[in-house]
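What the coordinates show
Each chain, written out:
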Amino acid sequence: MTSLNVALAHSLPEAILALGALVLVLFGAYRGRDDDGPMSEIAIGVIGVAILVILLGNKQSDVVFNDAFINDGFARFMKVLALIGSMFTLILAQDFMARARIDKFEFPILVLLSTLGMCMMISANGLIALYLGLELMSLALYVVAAFHRDNLRASEAGLKYFVLGALSSGMLLYGASLLYGFTGTVSFAGIAKAINGHASLGVVFALVFIMAGLAFKMSTVPFHMWTPDVYEGAPTPVTAFFATAPKVAAVAITLRVITTAFPGVMSQWQQIVVFMSILSMAIGAFAAIGQTNIKRLMAYSSIGHMGFALVGLAAGTQAGVQGVAIYMAIYVVMTLGTFAAILSMRVDGKPVENIADLSGLARTNAPMAFFLGAMMFSLAGIPPLAGFFAKWYVFLAAVQAKLSALAVIGMLASTVAAFYYLRVVKIMYLDEPAAAFDRPNRAVQAVLWVSGLLVIFYFVHPSPVVNAASAAARSLLWWARTRSARRAFSSS
């Protein structure tokens, strides 16, 4: 095979997403109508094909496009999670968008383009590829945040996300420029070789700026300020999208940057990660207690969960990477299920978002109360639900890496966070019933039920997720070390 054919073989999912987006643009223009029509179904099919290509296609690891793009087991695992988040966002969005009369054909195209940027970012093997993927993802996200343009809250959410997102992108770009200036290369493996285990003050500054830019995309403290307002103001399916796929991509590229570009300066980046992790867990636990809007509650919940994921990242070991991968897989399922329940909160055709509207749900809609309660218990980390195992793996990795204090802080924060999750369950089962919700859309109901069953019965057969995450962690660390060794040998 020629080098171009090899490159296309390794980037086939991205090519499918790009081609699908172009076809949808042409098809939407040809239809000459503003409504969604079959566009979402086509986009769901395109994403489904991309998932099948990853699962059934090329399993070999390689770098292509002049070492800018890497296809390894870790990239494939995280891409599947991001694609699942995007696909189920489109499924959840159809009924909501139609009822709100914002079911425009541009929405699935923007989701596809943003997902394409996520996949590019997950497979980035250098600073330029990282920035291109980040911006492609972000530019589409800025638009979908304000997609309900006649709604003041949505417009405000889009503007806030755009301004703060541009600031974070500028910080990341400045850090990348500094790093290139001090190392003379944009390749992650080349940067690791240039640093050679001894980071100068300039490299440390560059690392701080890069981590700041990535922290914004993960919505970790102290770059979390946009999250509650954007989550509350954006259309609910868009909020579900923000809470799943982009976070997977941001966590994935953070793992790759740290393990591939800065493996020899662990003492420097570990301090940053531990600092962000502790603050994120604390803010996510305490700031959510007084929330009355369930979308704002989920915003602080996501901040806290990213803090828990960073516990595994701080370990800097294969077990830590595996723990983060498992955590993100379970987090995506829990979040999609929770937002399916939120989308079912509709009275007389109008969506409601207050936690008080869930009062007595067990007596008006017992199945919804049961599965939403399972999501709340799982998010709190109550055994034997899936959320418990997610936290178990990251805390275990931290203890094995001699970060027991961080694990203890995480467990304390998880205990505090359990208060507001269990409060939702108490309101559903013990309070007097509020107005009954309308009959939920079948697709939304199916997502809630499937997510709930996966969360409840995960402990029965966890090996598929655990084994896949273990293979992804081995691939990331082995491939990073192999590339560094090859570069060092070729330069000697």
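Quick notes on the rules
- Residues numbered from 1 in each chain as written.
- Predicted model: local features only at pLDDT ≥ 70, side-chain atom pairs only at ≥ 80, totals over all residues.
- Heavy atoms only, no water.
- Helix = DSSP H or I, 4+ residues; strand = E, 2+ residues; numbered from the N terminus.
- Rg over C-alpha atoms; globule rule 2.2 N^0.38 Å.
- Buried < 20%, exposed > 50% of the residue type's maximum accessible area, 1.4 Å probe, protein only.
- Areas by Shrake-Rupley, 256 points an atom, 1.4 Å probe, with all protein chains shown as cover.
- Lys, Arg positive; Asp, Glu negative; His and termini not counted.
- Charge placed at Lys NZ, Arg CZ, Asp CG, Glu CD.
- Contact = heavy atoms within 4.5 Å.
- Expected span 1.5 Å × (residues − 1).
- Bend = angle between axes of the 7 residues up to and from the residue.
- Patch = residues over 30% accessible without salt bridge, like charges linked within 9 Å, V, L, I, M, F, W, Y side chains within 5 Å.
- Salt bridge = Lys/Arg side-chain N within 4 Å of Asp/Glu carboxyl O.
- Phe/Tyr/Trp six-rings, centres within 6.5 Å; stacked < 30°, edge-to-face > 60°.
- Lys NZ or Arg CZ within 6 Å of the ring centre and 35° of its normal.
- Polar contact = N/O pair within 3.5 Å; in protein donor to acceptor, adjacent residues only side chain to side chain.
- Core = buried A, V, L, I, M, F, W, Y, C linked by side-chain atoms within 4.5 Å.
- Axes fitted to C-alpha atoms, helices over the stretch in contact; angles between N-to-C directions.
- Parallel < 35°, antiparallel > 145°, perpendicular 65-115°, else oblique.
- Nonpolar A, V, L, I, M, F, W, Y, C, P; charged D, E, K, R; others polar.

A count of helices and strands for the protein gives 21 helices and four strands. Expected size for 492 residues packed as a compact globule is a radius of gyration near 23 Å; at 22 Å, the protein falls within 12% of this value. Counting only C-alpha atoms and orienting by the principal axes, one finds that the protein spans roughly 75 × 60 × 40 Å. A buried classification covers 58% of the 492 residues belonging to the protein. Entry remark: accessible area of the protein is about 18800 Å², with carbon and sulfur atoms responsible for 67%. Computed over 31 positive and 22 negative side-chain charges, the inter-centroid distance for the protein is 9 Å.

Okay, helix H8 (residues 188-195) next. Among the eight residues that make up H8, six are buried, leaving the element largely enclosed by the rest of the structure. What H8 keeps buried is the set Phe188, Ala189, Gly190, Ile191, Ala192 and Ile195. Just downstream of H8 lies Asn196, where phi reads positive at about 55°.

With that settled, the discussion passes to the environment of Val273. Position of Val273 among the secondary structure elements: in helix H13 (residues 266-286). Under the relative-accessibility criterion, Val273 is labelled buried at 0%. The spacing of Val273 and Leu56 is 217 residues in sequence and 35 Å in space, taken between C-alpha atoms. With sequence-adjacent residues up to four places away left out, Val273 is seen in contact with Met211, Ile258, Leu310, Leu313 and Ala314.

Moving on, we get to helix H4 (residues 73-99). Taking 1.5 Å per residue as the helical rise, H4 with its 27 residues ought to reach 39 Å, and the 40 Å between its terminal C-alpha atoms agrees with that figure. Ala93 marks the point of greatest bend in H4, at about 40°. Of all 27 residues in H4, 21 are buried, a share of seventy percent or more. A positive backbone phi angle near 60° is found at Arg101, which sits one or two residues after H4.

Outside of glycine, negative phi angles account for most residues, and trans bonds account for most peptide bonds. Pro222 follows Val221 through a cis peptide bond whose omega is 10°. In this fold, Pro222 is placed in the loop between helix H9 (201-218) and helix H10 (227-233). Cis peptide bonds are those with omega within 30 degrees of zero, and the linkage from Pro383 to Pro384 qualifies with 5°. By secondary structure assignment, the location of Pro384 is in the loop between helix H17 (366-380) and helix H18 (386-400).

Nonpolar side chains collect at one region of the surface, where Leu453, Phe457, Phe459 and Val460 lie side by side and expose about 390 Å² of accessible area between them. Inspection of the secondary structure puts Val460 in the loop between helix H20 (442-456) and helix H21 (463-491). Note on Val460: relative accessible area 54%, which makes it exposed.

A word on the pattern of salt bridges. With the rule as written, the count across this model stands at 11 salt bridges. Residue Arg256 pairs with Asp72 through a salt bridge whose shortest N-O separation is 3.1 Å. Taken as a pair, Arg256 in helix H12 (residues 245-261) and Asp72 in the loop between strand E2 (69-71) and H4 lie far apart in primary sequence, 184 residues in all. Residues Arg256 and Asp72 agree in their burial class; the two are buried. The salt bridge partner of Arg153 is Glu353, with a shortest N-O separation of 3.6 Å. Pair noted here: Arg153 is in helix H7 (residues 152-183) and Glu353 is in the loop between strand E4 (350-351) and helix H16 (361-364), with a separation of 200 residues, a long-range link. Glu353 sits in the buried class, given a relative accessible area of 16%. A network of salt bridges, in which partner residues are shared, links Arg153, Glu156, Lys160, Asp229, Glu232, Lys295, Arg296 and Glu353.

So, about the packing of aromatic side chains. Enumeration according to the criterion identifies 18 aromatic pairs in this entry. Measuring from ring centre to ring centre gives 5.0 Å for Tyr161 and Phe242, while their planes differ by 70°; the resulting arrangement is edge-to-face. Of this pair, Tyr161 sits in helix H7 while Phe242 sits in helix H11 (residues 236-243), and the two are 81 residues apart along the sequence. We note that Tyr161, like Phe242, is buried. The ring of Phe308 is capped by Lys391, whose NZ or CZ atom sits 4.5 Å from the centre of that ring.

Here Thr254 shows up in helix H12. By relative accessible area, Thr254 is classed as buried at 1%. Here the side chain of Thr254 touches Ala250 through a polar contact of 2.7 Å, landing on its backbone oxygen. With sequence-adjacent residues up to four places away left out, Thr254 is seen in contact with Met211, Leu214, Met218 and Leu313.

Right, let's get into the nonpolar core. Membership of the largest hydrophobic core comes to 175 residues, with the highest contact counts inside it found for Leu17, Met78, Phe107, Phe242, Phe262, Met328 and Leu358. Contact partners of Phe242, with chain neighbours within four places excluded, come to Leu141, Val144, Ala145, Tyr161, Trp226, Val230, Tyr231 and Lys247.

A few words now on the side chain of Lys217. Mapped onto the elements, Lys217 comes out in helix H9. No salt bridge is formed by the buried Lys217, whose closest oppositely charged neighbour, Glu135, lies at an N-O distance of 5.8 Å. Beyond its immediate stretch of four places on either side in the chain, Lys217 contacts Leu134, Met137, Ser138, Tyr142, Tyr161, Ser168, Lys247 and Ala250.

Bringing the packing of H12 against helix H15 (residues 318-343) into the picture now. The N-to-C vectors of H12 and H15 enclose an angle of 175°; their axes lie 11 Å apart at closest approach. Judged by the angle between their axes, H12 and H15 are roughly antiparallel. Residue-level contacts link Lys247, Val248, Val251 and Leu255 of H12 to Val321, Val324, Met328, Tyr331 and Val332 of H15. Looking at side-chain class alone, the contact of H12 with H15 contains eight nonpolar, no polar and one charged residues.

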